[in-house]
Amino acid sequence: METLLIIVLAILFIILVTIRTIRNLKWVRFGEAFGKQGEELLADYHYLTEQEITCRIEQGLPTGKLLKPLAKNLDDRVALFVHRDDAAKARELLK
């Protein structure tokens, strides 16, 4: 019974990692910054969305609740991601 549970959990883990990896392959990181420099990335994000570029912003660390206390000073992190299909156009616009 324990072996079956371990196998099921391992399969579930593999499925979740695969889904997350496939989802992440759609995005290209355009920058990552902290503090004032992060504000520049936010401005780039707003400019790109105005130009109809598919992009997303990530603020803080993408950590679980268990690791949050260890990452207090990293909460001002900003990362800009652009959809892979729009990456070339976004690079041209940000020149």
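The structure reproduced in this document is the subject of the present report.

Cut-off values and rules
- Residues numbered from 1 in each chain as written.
- Predicted model: local features only at pLDDT ≥ 70, side-chain atom pairs only at ≥ 80, totals over all residues.
- Heavy atoms only, no water.
- Helix = DSSP H or I, 4+ residues; strand = E, 2+ residues; numbered from the N terminus.
- Buried < 20%, exposed > 50% of the residue type's maximum accessible area, 1.4 Å probe, protein only.
- Polar contact = N/O pair within 3.5 Å; in protein donor to acceptor, adjacent residues only side chain to side chain.
- Salt bridge = Lys/Arg side-chain N within 4 Å of Asp/Glu carboxyl O.
- Contact = heavy atoms within 4.5 Å.
- Pairing = 2+ DSSP bridges.
- Axes fitted to C-alpha atoms, helices over the stretch in contact; angles between N-to-C directions.

## A closer look at the side chain of arginine 77
On the secondary structure map, arginine 77 appears in strand β3 (residues 77–83). Of the residues examined, arginine 77 reaches a relative accessible area of 4% and is grouped as buried. In terms of polar contacts, arginine 77 uses its side chain to reach the side chain of glutamate 32, at 2.4 Å.

## Points about the pattern of salt bridges
Summed over all chains, the structure comprises five salt bridges. Arginine 29 is paired through a salt bridge with glutamate 32; the nearest N and O atoms lie 3.0 Å apart. Among the ionic pairs, lysine 95 bridges to glutamate 92, the shortest N-O distance being 3.7 Å. Each member of the pair lysine 95 and glutamate 92 is classed as exposed. Here the salt bridges share partners, and the residues they tie into one network are Arg29, Glu32, Arg56, Glu58 and Arg77.

## Here's the deal with the environment of arginine 56
Among the secondary structure elements, arginine 56 is positioned in strand β2 (residues 55–59). With a relative accessible area of 24%, arginine 56 lands in the partly exposed category. In this structure, arginine 56 is in contact with Asn24, Trp27, Tyr45, Ala79, Leu80 and Phe81, ignoring residues within four places of it in sequence. Of note is the side chain of arginine 56, whose polar atom sits 3.3 Å from the side chain of glutamate 58.

## Here we look at the sheet that holds β3
Taken in spatial order, the three strands of this open sheet run β1-β3-β2, and their pairing is antiparallel. With partners counted over all chains shown, the strands left at the sheet margins are β1 (27–34) and β2, one partner each. Sheet twist, expressed as the average angle between the axes of neighbouring strands with direction ignored, equals 20°. Note that β1 and β3 share seven bridges and pair antiparallel. Of the residues in β3, the one forming a bridge with alanine 33 is valine 78.

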